[in-house]
Amino acid sequence: MAAGGMIAPGFTGAGLDRADHLRLKDGELAALMARAEARMLELAELDPVLDDEGRLTWGELGLAEDMIFLGLDDEAPLFAPLVKIETIGQRAWTVFRLLSQMSPKDAAIWGVARSLNEWHNRHLYCGRCGGGTHSFRGGWGRRCGGCGMEDFPRVDPVVIMLAEHEGRVLVARQPQYPAGRYSALAGFVEPGESIEEAVARELMEEAGIEVTDVNYVASQPWPFPGSLMIACIARSTSDEIRLDSDELEDGFWVDRAGIEAALAGAADAPFQAPPPFAIAHTLLVRWLEQDRER
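Computed from a prediction, not measured in an experiment: that's the story for all the values here.

### A word on the environment of Gly139
And step 1. With respect to the secondary-structure elements, Gly139 resides in the loop between strand E7 (133-136) and strand E8 (141-144).
And step 2. By relative accessible area, Gly139 is classed as buried at 2%.
And step 3. The sequence separation of Gly139 and Phe79 amounts to 60 residues, and the corresponding C-alpha distance is 9.6 Å.
And step 4. When neighbours within four sequence positions are excluded, Gly139 is seen to be in contact with Met67, Ile68, Leu116 and His120.

### Section: the packing of aromatic side chains
And step 1. Inspection of every chain in the model, using the stated rule, returns 13 aromatic pairs.
And step 2. When the ring of Phe252 is compared with that of Phe271, the centres are 6.2 Å apart and the planes differ by 70°; the resulting orientation is edge-to-face. Remark: Phe271 occurs in the loop between helix H6 (256-264) and helix H7 (279-293) and Phe252 occurs in strand E15 (residues 250-255); sequence separation between them is 19 residues.
And step 3. Assessed through its relative accessible area of 5%, Phe271 is described here as buried.
And step 4. An aromatic cluster of at least three residues, connected via ring pairs, comprises Phe11, Phe96, Trp110, Trp222, Phe224 and Phe277.
And step 5. Above the face of the Trp140 ring, Arg23 is positioned so that its terminal group lies 3.9 Å from the ring centre.

### A look at the environment of Gly148
And step 1. Residue placement: Gly148 occurs in the loop between E8 and strand E9 (150-151).
And step 2. Separated by 48 residues in sequence, Gly148 and Glu196 place their C-alpha atoms 38 Å apart.

### Structural notes on the sheet that holds E9
And step 1. Read across the open sheet, the three strands follow the order E7-E8-E9; overall the sheet is antiparallel. With one partner strand each, in any of the chains shown, E7 and E9 form the two edges of the open sheet.
And step 2. Taken strand by strand, helix H4 (residues 104-122) contacts E7, E8 and E9, and its axis lies near 15° from that of E8.

### Thoughts on the side chain of Ser236
And step 1. If you trace the backbone, Ser236 turns up in strand E14 (residues 227-236).
And step 2. Overall, the relative accessible area of 5% leaves Ser236 in the buried class.
And step 3. Only 2.5 Å separates the side chain of Ser236 from the backbone oxygen of Ser238, close enough to count as a polar contact.
And step 4. Residues in contact with Ser236, not counting those within four places in the same chain, are Ala163, Glu164, His165, Ile209, Glu210, Val211 and Trp253.

### Re the pairing of strand E5 (residues 67-73)
And step 1. Counting buried positions over the seven residues of E5 gives seven, a clear majority of the element.
And step 2. The sheet contact formed by E5 and strand E6 (residues 76-81) spans six bridges and is antiparallel. Pairing of Met67 across the sheet is with Pro81, part of E6.
And step 3. Where E5 folds back on E6, the antiparallel hairpin that results is connected by two residues, among which Asp74 adopts a positive phi of roughly 50°.

### Let's talk about the pairing of E8
And step 1. Here E7 runs beside E8; their pairing, made up of four bridges, is antiparallel. The partner of His134 across the bridge, within E8, is Arg143.
And step 2. Two strands pair when backbone bridges link them, and E8 and E9 are joined in this way by two bridges, in the antiparallel orientation. Residue pairing in the sheet places Arg143 in a bridge with Glu150 of E9.
And step 3. If you look at the hairpin formed by E8 and E9, you'll find five residues sitting between the two strands, and Gly148 has a positive phi there, around 85°.

### Things to note about helix H5 (residues 195-207)
And step 1. With 13 residues, H5 should cover 18 Å at 1.5 Å per step; its first-to-last C-alpha distance of 18 Å lies within 8% of that length.
And step 2. Those residues of H5 that sit buried are Ala198, Val199, Arg201, Glu202, Leu203, Glu206 and Ala207.
And step 3. Those residues of H5 that are buried lie in contact with strand E10 (156-165), strand E11 (168-173), strand E12 (185-188), strand E13 (211-222) and E14.
And step 4. Of the residues trailing H5, Gly208 is marked for its positive phi of about 70°.

Conventions we followed
- Residues numbered from 1 in each chain as written.
- Predicted model: local features only at pLDDT ≥ 70, side-chain atom pairs only at ≥ 80, totals over all residues.
- Heavy atoms only, no water.
- Helix = DSSP H or I, 4+ residues; strand = E, 2+ residues; numbered from the N terminus.
- Buried < 20%, exposed > 50% of the residue type's maximum accessible area, 1.4 Å probe, protein only.
- Contact = heavy atoms within 4.5 Å.
- Phe/Tyr/Trp six-rings, centres within 6.5 Å; stacked < 30°, edge-to-face > 60°.
- Lys NZ or Arg CZ within 6 Å of the ring centre and 35° of its normal.
- Pairing = 2+ DSSP bridges.
- Axes fitted to C-alpha atoms, helices over the stretch in contact; angles between N-to-C directions.
- Polar contact = N/O pair within 3.5 Å; in protein donor to acceptor, adjacent residues only side chain to side chain.
- Expected span 1.5 Å × (residues − 1).

Structure follows, in structure tokens:
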């Protein structure tokens, strides 16, 4: 749970001890791998493998050459396989059905494994000399076999925001969304920008609106492939929209009743809300809560 008893954003709350101090010690990692309670996460390429009750499935470590040390769960060492994939960076619509069945903890654990696997597959070669790289540090780094350069996983900051104007918020959709699905606007933070500046720029670029009073709401790791979603609410100075048709297919302002209907999945809702594990869903819920407090 988040502060104040609110439900935490998706992909958070894994509750693992990441035990960073053990990652550099090959002897310590070997000892963890040899423990009887050590478990290996089962993956279908990058997708989670669930049991009949929607839980992650775990097996014995086996003889995998490379693996990722996820951390300790009540002292039980958890690992994930390092998977070589043919196509990286694909949209993950197919896995969303599985995520709706998973507990928040399982989704968070799997999200770490997925993000790291995508990162490894994007860094098979050195960015300095072009030589091949290999995993080290328990799967939390890659080292070049040629020049020795070391690289470590990073996340890309993304702002995702609701623009608010006189009791309504702006929602929009991209062409690849499921039919009827609308969400908050979002975009990557660019070099040299603050979060507030990125929010204002993205809303101007994508919707042609000027905003003030940017307020942070929550954050979420997003493992498709590896972003940190930074959720904000900003106040728009106008409700006139000029959508960027290269980015968005449609957008409109929706009031409190419309948001409530969408979150409830009502048949007469003006749009289909984002799924609960997406921070856009969290944003809509938090906006309703703030509106009630006014």
